[in-house]
Every structure is written in structure tokens, then in C-alpha cells.
Amino acid sequence: MRVIVTGGAGFIGSAVCRHFILDLGYDVVVVDKMTYAGNLASLAPVASSSRYAFERHDICDASAMAAIFAKYQPDAVVHLAAESHVDRSISGSDVFVKTNVLGTFTLLEAARTHLASRRRGAGADFRFIHVSTDEVYGSLGEDGLFTETTPYDPSSPYSATKAASDHLAKAWQRTYGLPVIVSNCSNNYGPYHFPEKLIPLIILNALERKPLPVYGDGSNVRDWLYVEDHARALGVILAKGCPGETYNIGGRNERKNIDVVRQICSWMDQLRPVNSSHHEHICFVTDRPGHDHRYAIDATKLETDLGWRANETFETGIEKTVRWYLENASWWQPLRDKVYSGERLGLVKA
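What you are looking at is a predicted structure, and each value in this text was computed from that prediction instead of being measured.

Enquirer: Help me understand the pairing of strand S10 (residues 246-249), please; the structure alone is not making it clear to me.
Expert: Regular strands show a simple pattern: their side chains alternate between the two faces of the sheet. Neither face of S10 is exposed, since Thr246 and Asn248 on one face and Tyr247 and Ile249 on the opposite face are all buried. In the sheet, strand S6 (residues 180-185) pairs with S10 via four bridges, with the strands oriented parallel. Bridge pairing in S10 links Val182 to Thr246.

What follows is the structure, given as C-alpha cells:
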């Protein structure tokens, strides 16, 4: 099995590559533009493997994508390349439209041309896994869960562009017969997470005795999914999923943002005790525009039809995550020093 993983140097993408190469024995071709969020250090555990190849290209570059498909003749694509941070989409939406919409179109067309060029029957098992987000569904009230048939209602430029890319992927399956499978995941967390997102930001700010910012009153709810559980889910979907279907991937770990921050503080108090509790550095800041109140995934279809289950509870996963950041400053310190130091993002410009 040879798989192209777009965005493979990113947070989720690198977890997928490590799982595919080390656990499943797949050949993996990473295609990554290497924006600020791409980090080859996240691929260090597999970089010396004969099963690993790397191509630095923009998925919007049609000629480059065609050449990569022709060179490697993949059996599958797992498409993760995307601009993904809501805050950045608020202040700079243009790159989200280009990468998430035009990039997905370009990749779908490259896959379609590749499949058409294979000898009859040779591409029968080809799969295109389009990895998306639960944010395309909008915001839930106090009750209910997102299912695969929940109507789309995106709130941010990020989720709107992901919704558009989902529609393109599904249309290419229905119109052209491209064997596309769409997955929609809940909030990921875990090792190798770029420190602009809530959990790594709070861990590193706590370590550096900086303020721990929480948007609004901290009551926003997310369903947290450990990144390695997500990688396993994508492996299962690739092996067993049915083209034309959508599978929601969730950890069944709903938590309010303030409770997530408090749990991190409790672990920091235990693992890196200082004179005062880390809880004292929690501060509430102006909420971001269009902030969805609650996300929650119903993963029953994936669990029942394909037999996947999340291994980590939030309690076990957050402990592993905090410990990883405390033990791996060599990975995150260059990012804090040279790429992103923790400043506020997502403010609307006048």
C-alpha cells in the first residue's frame, strides 16, 4: 500500500504518517508546502525509513500534483493539507480559500486523472480520504450530537472553506465516480501540536509563567480526540470504509474550555510545582468573533460499522500530552522563539 498524505508534516498529518509507516507498514509519500505549521521534526521517527518519501509542494500546483501521482502511482490519498486555525482565518481568510478550496479541487482532479490512466481494474481499490472537521456543522445547543447527516452551518472563514471542500469531494464522487470517503473529526490534541492551539498554548504559557488566556467565560464545549486515536481511525477508514460515505470521528470527551485549562493547571502543579498554583494565572479575554458554543460528535457509525474505538479518555490523553511537552522542549522551543510566541490571534481588523 502506497499512500500520499497531504499536509503530512503537520500535527495530524505527522501522526498519520507515523502510524501508517511504523504500525501498518505502508509506504507513505508526504506532500507538504511547509507553511509555519509544517515541521519536519514531527516526522523524525520515520524519516530514515525506506517507506518514507517527502515532496515539498503546494497542493494548488496542478503540474506538481500530476507529476507526484505519475511518479509514485499511489493506491490511496489521505488529504489533510489545509489552513486550519480559526483565529488566523478571521484576520486572513484569503489563504484559507485558496488552500482549502482550490487546493482540494486541484488534488481531486489530479487523483481523477491518475485513476483514469491506470489499466482497467488496477484502480478498483483506490481510495481518496478527505479529512475534514466537525466545525462545518456549526454550533450545537446544550443537547444533541453531530451525526453524518447534520446540515452544514459553518460560522468562520475556516469552517466555511472546509465545508466547501467537503462539498467538492462529495461531488467528485457522485459525478465522476472518484472513490472518495469524507471524515469529520472533533478537536484533536496530543504531541507535536503547533502551540497556537488551546492545549499546547496553555501548557507552554504555564511553563513560562505567562497568563493563561481563556476566551469569553470559558463555557464553550469541545469534544476532544487524542491525535493518535484519530490516526488509527483514518487507517481503519482507509482499510474498511465505503466510498461515498462520511464517517464522524470523535473521542466522546466533551469538556468546557475552562475545565480543560484547569486540568492542565492541575497537572502542571503536580509535575512543575512553583510557589503559587498555576490556576492563579488563568485570565479571561475577549471572545473571538463567531465563536461556536458547543461541538459534540456522534461516532456511532464509525464504531459500529468499522469497529474503531478511541483508546484514550481525556484524562489519560491530557496527562500524556502535558508530559510530552515537558519532556520535548527541543521540539517546541524553536517554534516559540522563531515562529509563534503566544501572541493573541484572530482579532478583526478595522
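Enquirer: Explain the sheet that holds strand S4 (residues 76-79) here, please?
Expert: Two strands in a sheet stick together by hydrogen bonds in their backbones, pointing the same way (parallel) or opposite ways (antiparallel). A sheet is described by the order of its strands in space; here seven strands give the open sequence S3-S2-S1-S4-S5-S6-S10, paired in parallel fashion. Two strands close off the open sheet at either side, each with one partner strand: strand S3 (52-55) and S10. Mean inter-strand twist for the sheet, computed between neighbouring axes without regard to direction, equals 20°. Relative to strand S2 (residues 27-31), strand S1 (residues 2-6) is paired through five bridges, and the arrangement is parallel. Residue Thr6 lies in a different strand from S2, and its bridge partner there is Val31. Set on the sheet, helix H2 (residues 62-72) makes contact with S1, S2, S3 and S4; between it and S3 the angle comes to about 160°. Lying on the sheet, helix H7 (residues 227-240) is in contact with S1, S4, strand S5 (127-133), S6 and S10; it crosses S5 at an angle near 145°.

Enquirer: Would you mind going over the packing of aromatic side chains with me for this structure?
Expert: The way to describe two aromatic rings as a pair is by their centre distance and the angle between their planes. This structure, assessed with the given rule, holds 18 aromatic pairs. Between Phe20 and Tyr26 the ring centres are 5.4 Å apart and the planes differ by 70°, which places this aromatic pair in the edge-to-face class. The residues Phe20 and Tyr26 share a single accessibility class, namely buried. Among the aromatic residues, ring-to-ring pairing joins Tyr137, Phe146, Tyr152 and Tyr295 into one connected group.

Enquirer: When you look at the nonpolar core in this model, what are you seeing that I'm missing?
Expert: Nonpolar side chains in soluble globular proteins tend to be buried together. Residues Val78, Ile237 and Ile249 are the most contacted members of the largest nonpolar core, which totals 46 residues. In this structure, Ile249 is in contact with Ser183, Asn184, Cys185, Ser186, Leu225, His230, Ala233, Leu234, Ile237, Ile297, Leu302 and Trp308, ignoring residues within four places of it in sequence. Membership of the second largest hydrophobic core comes to 33 residues, among which are Leu212, Trp267, Ile318 and Leu345.

Enquirer: What's the story with the pairing of S5 in this structure? I'm lost.
Expert: Across the seven residues that make up S5, a large majority, seven, are buried. Burial along S5 is two-sided: the residues Arg127, Ile129, Val131 and Thr133 and Phe128, His130 and Ser132 are all buried. Direction of pairing for S4 relative to S5: parallel, over a ladder of four bridges. Each residue of the ladder has a partner; that of Ala76, found in S5, is Arg127. The parallel pair S5 and S6, bridged by helix H5 (residues 157-176), forms a crossover whose chirality is right-handed.

Enquirer: What is the right way to read the packing of H2 against helix H4 (residues 94-117) from this model?
Expert: The axes of two packed helices give the description: the angle between them and the distance between them. Relative orientation of the contacting elements H2 and H4 amounts to 35°, with a least axis distance of 9 Å. Between H2 and H4 the crossing geometry is right-handed. Along its contact with H2, which presents Ala62, Met65 and Phe69, the element H4 presents Thr106, Leu107, Ala110, Ala111 and His114. Grouping the amino acids of the contact of H2 with H4 by side-chain chemistry returns six nonpolar, two polar and no charged.

Enquirer: Looking at this structure, how should I read unusual backbone geometry?
Expert: It is generally the case that most residues other than glycine have a negative phi and that most peptide bonds are trans. Within the chain, Arg209 stands out as a residue other than glycine whose phi angle is a positive 60°. You can see Arg209 is positioned in the loop between helix H6 (198-207) and strand S8 (212-215).

Enquirer: It is not clear to me how H4 should be interpreted in this structure. Could you clarify?
Expert: Side chains that are three or four residues apart share a direction in an α-helix, a result of its 3.6 residues per turn. Here H4 is 24 residues long and its end C-alpha atoms lie 34 Å apart, about the 34 Å a rise of 1.5 Å per residue gives. Residue Gly103 marks the point of greatest curvature in H4, where the axis turns by about 30°. All buried positions along H4 are accounted for by Phe96, Thr99, Asn100, Gly103, Thr104, Thr106, Leu107, Leu108, Ala110, Ala111 and His114.

Rules used in this analysis
Residues numbered from 1 in each chain as written. Predicted model: local features only at pLDDT ≥ 70, side-chain atom pairs only at ≥ 80, totals over all residues. Heavy atoms only, no water. Buried < 20%, exposed > 50% of the residue type's maximum accessible area, 1.4 Å probe, protein only. Helix = DSSP H or I, 4+ residues; strand = E, 2+ residues; numbered from the N terminus. Pairing = 2+ DSSP bridges. Axes fitted to C-alpha atoms, helices over the stretch in contact; angles between N-to-C directions. Contact = heavy atoms within 4.5 Å. Phe/Tyr/Trp six-rings, centres within 6.5 Å; stacked < 30°, edge-to-face > 60°. Core = buried A, V, L, I, M, F, W, Y, C linked by side-chain atoms within 4.5 Å. Right-handed = clockwise from strand over helix to strand, strands pointing away. Left-handed = near helix turned anticlockwise from the far one by under 90°. Nonpolar A, V, L, I, M, F, W, Y, C, P; charged D, E, K, R; others polar. Expected span 1.5 Å × (residues − 1). Bend = angle between axes of the 7 residues up to and from the residue.

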